[in-house]
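# Observations on the model geometry
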Amino acid sequence: MLFAHLADTHLGYRQYNLDEREEDFYAAFDEAVDKIIREGCEFVLHSGDLFDEPRPHVKALVRVREAIERLTDAGIKFYCIAGNHDMLMRRGAVPPQKLYREVEFLTPVKPFRVQGDVFIAGLPYFSKIHRKVLLEKLSQLERKAEDFETRVLALHQGIKKYFDLEYEVDLADLPKNFHYYALGHLHKKIIDTFGEGVLAYPGSTEIWRSDEIREYERNGKGFYIVDTEEIVSESIRWVPLERVRPFRRIEIERVEDISAVAKTLGDGKPVLRIEVRCPSHEFQRIYNRIIAELGDKALYIDVKKRSPGEEVKTREVRRISVEQLIRESMREHSSREQELAVELFRLLAKGEVEAALQIAREFFEHSYEGGHLASDQPASKGQLSLEGFK
Ligand SMILES: [Mn+2]
């Protein structure tokens, strides 16, 4: 039996606030659906971040409905989990996947289905604070999976081995008896072996952030097709997507460089990220020529100025994230308290005040209830925030 594994489609995302970029994300998804139908897959497993936001706009909801209808007409089931972008971290929140009757939405309350002899399990994104709950759920799935011939597990998590800066779990936390670990969250193509099986991240289907450009130049964007009869790395098929908008990184030092670049641009209307390396007084002239010569040939041009003096300065700056700073300044505190602070920072930076309050409330309820420390509390307490997944 063939199935498709895709992830991080981020539908509804509107990069640079452009209609075209919103459409590009739908187009990549539609192309994937076309290919999934053509290849004769029996089901799709989407590993989270189907939508870019937990409250997607109606257009994104409709485009997904159309895709689901096409799959359903072809007799293809759609299984999915919620990624961190698909859900509000709030008591009683309902992820948008719940809107579609035909969608098999895997949740902590109903984390698996069986199709033929394939056990298809999945859990939504869990933040580091809820790691214990995730581990408990995973060990339940590990036991349940034993009864089935072929076992597939979908998760939307950063794993330390592949995601050094921001991860929630270690590889060793995963159950070892699955044949295919369908991961999402990391926007990068990765295929590895783990336990008895294969672990894979297909990455995002479009360029969601500019730091994905290098990875896109190397591997393109796409998804995997897996044959349940033979799950080994060599037989997992990578299906590239052709309709991905080209991105190009370009360096320009002189006005003459611009027409050389113009000649290399075809009809594809790429997004250009141009770094202009010139003395400050020449920048405006070069910038004007870039707009005049390349403006019609590109969808969007992002121009950055690098003057020789400034360059040295940026090289000296130590690159550190706010999250690292929070952790460093809280070295005296427990790792759980550090995680709370980081999580609060992330939510408040997005204006998610209610969700932040919720997390803070849960943290203190769990920490001090009955005079026990959090580690003495049963892990099931952490499920409070996952009530929406019924
Ligand atoms: Mn994502």
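The structure this text deals with has already been given above.
Calculation criteria
The residue count restarts for each chain, going from 1 along the sequence in the order it is written. In keeping with the predicted nature of the model, local features appear solely for residues at pLDDT of at least 70, side-chain atom pairs appear and are counted solely at 80 or more, and the whole-chain, interface and lining totals rest on all residues. Derived side-chain values reflect all non-hydrogen atoms in the structure, with water molecules and hydrogen atoms excluded from consideration. Note on pairing: two strands pair once DSSP finds at least 2 bridges between them. Here a strand is any run of E in DSSP of at least two residues, a helix any run of H or I of at least four, and the numbering for each starts at the N terminus. All axes are obtained by fitting lines to C-alpha atoms, using only the stretch in contact for helices, and the reported angles, taken between N-to-C directions, cover 0 to 180 degrees. Every residue pair with non-hydrogen atoms within 4.5 Å of one another is taken to be in contact. Put simply, a salt bridge is a Lys or Arg side-chain nitrogen that is within 4 Å of an Asp or Glu carboxyl oxygen. Only protein chains enter the area calculation, which uses a 1.4 Å probe; residues under 20% of their type maximum are buried, those over 50% are exposed, and those in between are partly exposed. Handedness of a crossover is defined as follows: orient the strands so they point away from the viewer, and if the path from the first strand over the helix to the second runs clockwise, the crossover is right-handed.

## Things to note about the sheet that holds strand β5 (residues 112-115)
Spatial strand order, β5-β6-β7-β8-β10-β9: six strands in an open sheet with mixed pairing. Strand pairing shows two members of the sheet lacking a second neighbour, β5 and β9 (190-194), which therefore form its edges. When the angles between neighbouring strand axes are averaged without regard to direction, this sheet yields 20°. Pairing between strand β6 (residues 118-122) and strand β7 (residues 150-156): five bridges, direction parallel. Looking at the pairing, V118 lines up with T150 of β7. With respect to the sheet, helix α3 (residues 131-145) is in contact with β5, β6 and β7, its orientation differing from that of β7 by roughly 165°.

## Some thoughts on the sheet that holds strand β15 (residues 300-306)
Two strands in a sheet stick together by hydrogen bonds in their backbones, pointing the same way (parallel) or opposite ways (antiparallel). Spatially, β13-β14-β15 is the arrangement adopted by the three strands of the open sheet, whose pairing is parallel. A strand with exactly one partner marks an edge of an open sheet, and here the two such strands are β13 (247-252) and β15. On average, each strand axis in the sheet is inclined to that of its neighbour by 15°, with strand direction left out of account. Here six bridges tie β13 to strand β14 (residues 271-277), and the two strands are oriented parallel to one another. Paired with I250 across the two strands is I274, which belongs to β14. Across the face of the sheet, helix α6 (residues 280-294) comes into contact with β13, β14 and β15 while running at roughly 165° to β15.

## A closer look at the pattern of salt bridges
Considering all chains together, one arrives at 33 salt bridges under this definition. Here K304 makes a salt bridge to D302, at a shortest N to O gap of 3.5 Å. On the basis of relative accessibility, which here comes to 16%, the residue D302 falls in the buried class. One connected set of salt bridges, linked through shared partners, spans E23, D30, D34, R63 and R70.

## Some thoughts on the pairing of β14
The two faces of the sheet receive side chains in turn, since in a regular strand these alternate between them. As for the winding sense of the linkage, the β-α-β connection from β13 through helix α5 (residues 256-264) to β14 is right-handed. Pairing between β14 and β15: seven bridges, direction parallel. Its bridge partner being in β15, V271 is matched across the sheet by Y300. A crossover connection joins β14 to the parallel β15 through α6; in handedness this β-α-β unit is right-handed.

## What about the environment of V342?
Following the sequence through the fold, V342 ends up in helix α9 (residues 335-349). With 113 residues separating them along the chain, V342 and E229 place their C-alpha atoms 43 Å apart. Apart from the residues within four sequence positions on either side, V342 is in contact with E323, I326 and R327.

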